[in-house]
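Residue-level structure breakdown
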Amino acid sequence: MSSYDVIIIGSGPGGYVCAIRCAQLGLKTAVVEGRETLGGTCLNVGCIPSKAMLHATHMLHEAEHNFAEMGLKGKSPSVDWKQMLAYKDKTISQNTGGIEFLFKKNKIDWLKGWGSIPEVGKVKVGDETHEAKHIIIASGSEAASIPGAEVEIDEKIVVTSTGALELGKVPGEMIVVGGGVIGLELGSVYSRLGTKVTVVEYLDAVTPGADGEVAKQFQKLLKKQGLDFVMGAAVNKVETNGNKATVSYKLRKDDSDHELKADVVLVATGRKPYVEGLGLEALGIEMTKRGQIAVKDGFETSVKGIYAIGDVIEGPMLAHKAEDEGTAIAEMLAGQKPHINYGLIPGVIYTAPEVASVGETEETLKEKGHAYKVGKFPFMGNARAKAVFQGEGFVKMLADKETDRILGCHIIGPGAGDLIHEICVAMEFGAAAEDVARTCHAHPTYSEAVREAALACGDGAIHV
Ligand code: NAI
């Protein structure tokens, strides 16, 4: 039996960042991880592999659609699917190996196996029980099935995001159930590979919670790229027949029943906390109605000495939210007083164009009755974006009508996922739109579109 200051269960972005921060602050730290490699869902079967696939297929799209116009002639590349998956796997192992290196460097023990908490202060991994002053649950999430529907996931024909990153071949037809982040990122990947992709979404707009105008433009651009959409459709059954699958759905507007068939069905209707086998019930740990671990300020559960962070607790299921919570709990245990600004957690969808947002949307401001103004600038007025065939999106800044303080920003366009952070910093410092508008931005960069949107909150943008 070994004794630690902290044992963290789970090595995803929440768990591994927490471990490194604990070690940096002088706490003796171990991480329990049952996968073959560190990094959790994000590095092994989520964010990182999907970004490799998005990059590879974006390159293919560029070759097929834009090379000739730039004077790059010759045969379009063909897809070697095995090699593309190998590239994706190499990207994964480089990143998971990197975490293993960081653990060694920071003298963090990896307790290999699936952990449970038999009693307060103890973590069992395999036949061994270890002691810890503090236990942090960072066990993440798993794909949720379709609420109220009959679905059998085999990860071959009916797949979650995990199976979608490992398909035996590029399917001819794919149905994506759920027009959220996972559905649209992976739907884009396969659409660019030549698959006929149909997204079946319950709501009337894609990406729930997004700014309405951005969601509309996003769906329009995806349609133009070849994705089909069935909106306002509640999927109630997914069944496999031989090599095909059938998706049954009801259109909400008239209750009519419909069916679609495809080679592969991707179920992307959300994720749920993964807490299996931890022994939470026996410990009496309180859960929320939605099956998350309930925590108080400071991430402590209803049981003293046991904490939880990341996807297993409330809040957006985002790697960077988990990382910030991992850092914060480590600092709290070391006696510091960290703070997370939950109003400023950016969201990014890594399609082409990217979609990024932070803060309030027009919809949330209207709901709150908060008087605001809108500064909007199209990438069509941005020289750099036009030069690289990316002039179709826009930057939309929302600022307080009276004080000009920035309340939110929504970007659809090139590099949106990076551009948004200028606004995150500005908002963290309580900046006004004018502060961004008066800051010199290099020319020619996409960031000028952000400045122009800030200008549009005042007297007006220049390039419109
Ligand atoms: P999501 O919550 O983003 O989207 C699920 C969609 O499925 C919703 O639009 C919902 O209306 C729809 N839906 C639910 N039931 C349905 C039914 N019966 N028929 C038709 N449509 C139905 O969930 P998603 O995309 O699975 O992602 C899960 C989590 O992973 C999210 O919290 C997301 O933020 C996170 N994630 C984040 C990424 C990023 O930040 N780039 C990438 C991938 C995942």
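Keep in mind that this is a model prediction, so the values were computed, not measured. Every chain's residues receive numbers from 1 upward, in the order its sequence appears when written. Two thresholds apply to this predicted model, a pLDDT of at least 70 for residue-level local features and 80 or more for giving and counting side-chain atom pairs, whereas whole-chain, interface and lining totals are computed over all residues. Computation of side-chain values: all heavy atoms of the structure, hydrogens and water removed.

Should DSSP find at least two bridges between two strands, the strands are taken to pair. Segments assigned H or I by DSSP are reported as helices when at least four residues long, segments assigned E as strands when at least two residues long, and all are numbered from the N terminus. In spatial order, the strands read 8-13-14-15; together these four strands make up an open sheet with mixed pairing. Two strands close off the open sheet at either side, each with one partner strand: strand 8 (150-151) and strand 15 (257-262).

In this section: the packing of helix 3 (residues 47-65) against helix 6 (residues 181-192). The relative placement of two packed helices comes down to the angle between their axes together with the axis-to-axis distance. Working convention: axes come from line fits to C-alpha atoms, limited for helices to the stretch in contact. Angles between N-to-C directions cover 0 to 180 degrees. Across the interface, helix 3 lies against helix 6 with an axial gap of 9 Å and an inter-helix angle of 40°. It follows from the interaxial angle that helix 3 and helix 6 lie oblique. Handedness of the crossing formed by helix 3 with helix 6: left-handed. Taken together, the residues of helix 6 that come into contact with helix 3 (itself represented by Ser50, Lys51, Met53, Leu54, Thr57, His58, Leu60, His61 and Glu64) are Glu185, Leu186, Ser188, Val189 and Arg192. We call Asp, Glu, Lys and Arg charged. Ala, Val, Leu, Ile, Met, Phe, Trp, Tyr, Cys and Pro are nonpolar, and the rest, Gly among them, are polar. Here the residues of the contact of helix 3 with helix 6 sort into five nonpolar, five polar and four charged. When describing relative orientation, an angle under 35 degrees is termed roughly parallel and one over 145 degrees roughly antiparallel, while 65 to 115 degrees is termed roughly perpendicular and anything else oblique. By definition, turning the near helix anticlockwise from the far helix through less than a right angle yields a left-handed crossing, and turning it clockwise yields a right-handed one. Contacts are residue-level and defined by heavy atoms, with any inter-residue pair within 4.5 Å sufficient.

Counted as salt bridges are all cases of a side-chain nitrogen of Lys or Arg within 4 Å of a carboxyl oxygen of Asp or Glu. Overall, the coordinates contain 22 salt bridges when judged by the stated rule. With its nearest N and O atoms 3.0 Å apart, the salt bridge here joins Asp404 to Lys373. In this pair, Asp404 is assigned in the loop between strand 22 (394-400) and strand 23 (406-413) and Lys373 in strand 21 (residues 372-378), connecting sequence segments 31 residues apart. The cut-offs for exposure are 20% and 50% of the maximum accessible area for each residue type, with area from a 1.4 Å probe on protein chains only; residues under the lower value are buried, those over the upper are exposed, and the others partly exposed. Judged by its relative accessible area of 12%, Asp404 is buried. Ionic contacts of the salt-bridge type, sharing partners, join the residues Asp211, Glu213, Glu362, Lys366, Lys376 and Lys396 into one network.

Burial within strand 11 (residues 196-200) is extensive, with four of its five residues counted as buried. Strand direction decides the pairing type here: strand 10 (residues 173-177) and strand 11, joined by five bridges, are parallel. Bridge pairing in strand 11 places Val177 opposite Val200. Clockwise travel from the first strand over the helix to the second, with the strands pointing away from the viewer, marks a crossover as right-handed. In this fold, the crossover linking strand 10 to strand 11 by way of helix 6 has right-handed handedness. The pairing of strand 11 with strand 12 (residues 228-230) spans three bridges and is parallel. Its bridge partner lying in strand 12, Thr198 is registered against Asp228. Following the chain from strand 11 across helix 7 (residues 212-224) to the adjacent parallel strand 12, one finds a crossover that is right-handed.

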